[in-house]
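# Structural overview for review
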Amino acid sequence: MRDPDSQPDAPAGKRQPEEADRLRELLRSPGYLKALAFCALIGVPVSLVAFFFLVALHQLNHLMWADLPEALGWEAPPWWWPLPLLLAAGVAVGLVVTHLPGGGGHIPAGGLHAGGGTARALPGVMLAALASLPLGATLGPEAPLIALGGGLALLLSELARVPVTAQSTVLLGTAGAAAAISVIFGSPLIAAVMLMEVAGVGGSRLFVVMLPALLSSGVGALVFTGFGRWTGLKGDSLSMKLGVPLPRLDTGDVVWSVLMAAAIAVAVHLILAGGRFTALFVSRRPLAHTTACALAAGVCAAVYALTTGRSPADVASSGQATLSRLAADPHAWGVGALIAVLLCTGVAYTLCLGSLRGGPVFPTLFLGGAVGVLIAPLPGLGVVPGLAVGMAAALTSALRLPVSSVVLVVLLLDSAAMVPVIILASVVAFVTTQLLPPGRAVPAVGKPAEPSTARSPAVGKADSDAG
């Protein structure tokens, strides 16, 4: 069967049956069916391990930032609290990186990766995450979960003596990562979409075709809803009415979405460049420099607490809980507090990206949301559109996964009314980021894991773009 891509002159009507036949042959192959069945089976143990791993992170975080200060007589962590915790985190991660296989997992400044783990790297990945996240790293748990899920799936396949092929290895690694990451996002949809984009299915052609479709759908939604409201006329559409009031988008929201997305893309690009520079600095002397960077991130949290009187955990955390509080009561944050948390979190995030172990999703969402709330009083904007645009633009710029970013922000806000500006911000941020000069590649740090025949290739969006 000839490849349709090698026949540019072939009519479009002849290509579709060829692709359908190829898909049918693949689905009927015994090897693929066995791999599919095994992926379904490993979803149970991988999800359970991921769940209890997240529970352990939560319990340790509560112990360090609530129970322990209360036991010592403080109602909230004092301003200096992050300093000893992040000092200990830096030492622990530095030891893991220099002594255990796998270097404690992927460096967060390199972006998210699909697979790439081995069974031997799993202890280092888990220990580095347990040492980083509960002790105040400005990172999220999604990257360790992806590595944990992919590595555990490959380990289970080895224990079950499943025949290893290049195709089954990729399938198992991606399936395990998706099972694990769906636990933290609470949705199998976002896990499947994100892993599809991270793995680079379709290559650059996927983005070439996807961006115009994504952008035109967002603009079409804006025109349809806006024109209907202006004229008072209604047309048929597939929709559901919710029993809660939703904000209405207008011209100001659209204009600010474009401007905000471009500016946020530049800012996030600079933060990631700083993270890669930090990774280069750490690679020269992993133990000493990891400790120094972690301690410097603790200083950022302490400075924030001293200047604002708020908890240092606003900075020394993944940002997930802080983002929830910000979204629930944005007016509780003054302008000064928002500026302080943006500056201190941005610097701490830059330092942690290149030194400690975790993921970039939650801190990026918080930074984008805080920017949106800060500039929400601008004429023609608003808190909810600002929050939506800020999160979508920041997340897309950091991950370079526009569809995943749109789906995740829509699910977080649980508001279909914000979908048009979320799409617009995501596309503008993605294009802006791609047009910016690429940064340097993230250097390898730590003791590499032994090569294995059951190893799936690592594909990092930021790494491939930064090389």
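Residues numbered from 1 in each chain as written. Predicted model: local features only at pLDDT ≥ 70, side-chain atom pairs only at ≥ 80, totals over all residues. Heavy atoms only, no water.

## Quick word on the overall build of the protein
The cut-off we apply is this: Secondary structure elements are taken from DSSP: a helix is a run of H or I of four residues or more, a strand is a run of E of two residues or more, and numbering for both begins at the N terminus. Burial classes: relative accessible area under 20% of the type maximum marks a residue as buried, over 50% as exposed, and values in between as partly exposed (1.4 Å probe, protein chains only). Contact definition: two residues touch when any of their heavy atoms are within 4.5 Å. The Shrake-Rupley method, run with a 1.4 Å probe, gives the accessible areas here. Residue values count only the displayed protein chains as cover.
A count of helices and strands for the protein gives 17 helices and zero strands. In the protein, buried positions account for 50% of the 467 residues. Contacts spanning at least 24 positions in sequence make up 79% of the contacts within the protein whose residues lie at least 6 apart. Accessible surface, the protein as shown: approximately 21,000 Å² in total, 68% of it carbon and sulfur.

## Quick look at the side chain of Thr-364
Residue position: Thr-364 is located in helix H13 (residues 361-374). Given the relative accessible area of 2%, Thr-364 is considered buried. When near neighbours in sequence (up to four residues on either side) are disregarded, Thr-364 contacts Tyr-349, Ala-394, Leu-395 and Ala-398.

## Points about the layout of surface pockets
Empty space among the atoms can be located by rolling a probe the size of a water molecule over them. Put simply, the test is: Only protein atoms enter the calculation, which uses a 1 Å grid: trapped sets of points that fit a 1.4 Å probe without letting it out are cavities, open sets showing protein on both sides within 12 Å along at least five of seven lines are pockets, and any residue with an atom within 4 Å of a point is a lining residue. Grid points are joined across faces, edges and corners, and a volume is the space filled by probe spheres set on the points. Under the grouping applied here, Gly and all other residues not named as nonpolar or charged are polar, the nonpolar ones being Ala, Val, Leu, Ile, Met, Phe, Trp, Tyr, Cys and Pro and the charged ones Asp, Glu, Lys and Arg.
Taken as a whole, the second largest pocket holds about 630 Å³ of empty space. For the second largest pocket, the lining is made up of 24 residues, of which His-58, Asn-61, Ser-317, Ser-318 and Ala-321 are closest to its centre. At the level of secondary structure, the elements contributing two or more residues to the lining of the second largest pocket comprise helix H2 (30-71) and helix H11 (320-328). Here the residues of the lining of the second largest pocket are counted per class, giving 13 nonpolar, nine polar and two charged.

## Remarks on the pattern of salt bridges
Selection rule: Salt-bridge detection follows one rule: a side-chain nitrogen of Lys or Arg within 4 Å of a carboxyl oxygen of Asp or Glu.
Summed over the entire model, instances satisfying the criterion amount to two salt bridges. Arg-310 is the partner of Asp-314 in a salt bridge, and the nearest nitrogen-oxygen pair spans 3.3 Å. You can call Asp-314 buried: its relative accessible area is 4%. On the accessibility criterion, Arg-310 (27% relative accessible area) is partly exposed. The residue Asp-314 makes a salt bridge to Arg-325 at a minimum N-O spacing of 2.9 Å. Of this pair, Asp-314 sits in the loop between helix H10 (286-308) and H11 while Arg-325 sits in helix H11, and the two are 11 residues apart along the sequence. Each of Arg-310, Asp-314 and Arg-325 takes part in one network of salt bridges that share partners.

## Quick word on unusual backbone geometry
Look at Arg-400: it is not a glycine, yet its phi comes out positive at around 60°. Of note, Arg-400 is situated in the loop between helix H14 (383-399) and helix H15 (402-413).

## Quick notes on the packing of H10 against helix H12 (residues 335-353)
Test applied: As a rule, the C-alpha atoms of each element are fitted with a line to give its axis, helices using only the stretch in contact, and angles between N-to-C directions run from 0 to 180 degrees. If an angle is under 35 degrees, it is roughly parallel; if it is over 145, roughly antiparallel; if it lies from 65 to 115, roughly perpendicular; otherwise it is oblique.
Closest axis-to-axis distance for the H10/H12 pair is 8 Å, and the angle between their directions is 175°. When the axes of H10 and H12 are compared, the pair comes out roughly antiparallel. From H10, Cys-293, Ala-296, Ala-297, Cys-300, Tyr-304 and Thr-308 reach across to H12, where they touch Ala-337, Ala-340, Val-341, Cys-344, Val-347, Ala-348, Leu-351 and Cys-352.

## Here's the deal with the packing of aromatic side chains
This is how the line gets drawn: Each aromatic pair joins two rings of Phe, Tyr and Trp (for Trp, the six-membered one) with centres within 6.5 Å, and gets the label stacked for planes under 30 degrees apart, edge-to-face for over 60, and tilted for any other angle.
What the rule picks out here adds up to four aromatic pairs. The interplanar angle of 80° and the centroid separation of 5.5 Å between the aromatic rings of Trp-74 and Trp-80 together place this pair among those described as edge-to-face. On the basis of relative accessibility, which here comes to 32%, the residue Trp-74 falls in the partly exposed class. Accessibility expressed as a relative area gives 31% for Trp-80, which makes it partly exposed. Three or more aromatic residues joined by ring pairs make a cluster, and in this case those are Trp-74, Trp-80 and Trp-81.

## Regarding the side chain of Ser-132
Note that Ser-132 resides in helix H4 (residues 122-132). Judged by relative accessible area, which is 0%, Ser-132 ranks as buried. Each residue touching Ser-132, except ones within four places of it in the same chain, is listed here: Val-93, Ala-137, Leu-356 and Arg-357.

## Observations concerning a nonpolar patch on the surface
Quick note on the threshold: Note on patches: the residues involved have over 30% relative accessible area and no salt bridge, like charges join within 9 Å, and the nonpolar side chains Val, Leu, Ile, Met, Phe, Trp and Tyr join within 5 Å.
A grouping of Leu-87, Val-91, Leu-95, Leu-287, Leu-295, Val-299 and Val-303 is seen on the molecular surface, where their side chains present a nonpolar patch of about 480 Å² in accessible area. Elements with a contribution of two residues or more to the nonpolar patch: helix H3 (82-99) and H10. Residue placement: Leu-287 occurs in helix H10. Judged by its relative accessible area of 35%, Leu-287 falls in the partly exposed class.

## Description of the environment of Arg-285
Within the secondary structure, Arg-285 is located in the loop between helix H9 (251-284) and H10. Overall, the relative accessible area of 53% leaves Arg-285 in the exposed class.

## Examining the state of the cysteines
Structurally, a disulfide amounts to a covalent bond that connects the sulfur atoms of two cysteines. So the rule is basically this: Note on terminology: pairs of cysteine sulfur atoms within 2.5 Å are recorded as disulfides.
In the structure shown here, the tally under the stated rule is zero disulfides. Left without a disulfide partner, Cys-293 is nearest to the cysteine sulfur of Cys-352, which lies 8.7 Å away. Relative accessible area serves as the criterion here: at 5%, Cys-293 is assigned to the buried category. Considering cysteine sulfurs only, Cys-300 is the nearest to Cys-352, which forms no disulfide, with 8.4 Å between them.

## A short note on the confidence of the model for the protein
Worth spelling out the cut-off: Confidence per residue, as judged by the predictor, is encoded in pLDDT with a range of 0 to 100.
With 71% of its residues at a pLDDT of 70 or more, the protein has an overall mean of 79. Confidence drops under pLDDT 50 across residues 450-467; counting only partners more than four residues distant or on other chains, this segment forms 63 contacts.

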